[in-house]
Amino acid sequence: MRPLQISAETAQKLAEALDVPIEQVMHLPQHILIQKLVELERNESGNNNE
């Protein structure tokens, strides 16, 4: 499996948001990464509504 085609800055932001090492972010399957991003968005929007 090849690494995701995202910039280094994006990978750093995702690693910080997901609280995982940047290497793990770069090698996540795309569908899992999208799922985690959706979860993050739900959590952020839920926190903003409170």
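Cut-offs applied
Residues numbered from 1 in each chain as written. Predicted model: local features only at pLDDT ≥ 70, side-chain atom pairs only at ≥ 80, totals over all residues. Heavy atoms only, no water. Helix = DSSP H or I, 4+ residues; strand = E, 2+ residues; numbered from the N terminus. Buried < 20%, exposed > 50% of the residue type's maximum accessible area, 1.4 Å probe, protein only. Areas by Shrake-Rupley, 256 points an atom, 1.4 Å probe, with all protein chains shown as cover. pLDDT = per-residue confidence, 0-100. Core = buried A, V, L, I, M, F, W, Y, C linked by side-chain atoms within 4.5 Å. Contact = heavy atoms within 4.5 Å.

A. Just the overall build of the protein, in detail. In terms of helices and strands, the protein carries three helices and zero strands. When the helices and strands of the protein are placed in sequence order, the string is α-α-α. Its C-alpha atoms put the protein at 40 × 20 × 15 Å along the principal axes. Counting only residues that meet the buried cut, the protein has 18% of its 50 residues in that class. Split by element, the accessible area of the protein, about 4,100 Å² in all, is 49% carbon and sulfur.

B. Molecular detail of the confidence of the model for the protein. Residue-level pLDDT values for the protein average 84, and 92% of them are 70 or greater. Confidence, read as mean pLDDT per element, is least for helix α3 (residues 30–49) in the protein (84) and greatest for helix α2 (residues 22–26) (88).

C. Expanded view of the nonpolar core. Listed in full, the eight residues of the largest apolar core are L4, L14, A15, L18, V25, L28, L33 and L40. Among the elements of the structure, α1 (8–18) and α3 are those that each provide at least two residues to this core. If one sorts the elements of this core by residue count, α1 sits on top with three residues. If we skip the residues at most four places from it in the chain, L18 touches V25, L33, K36 and L40.

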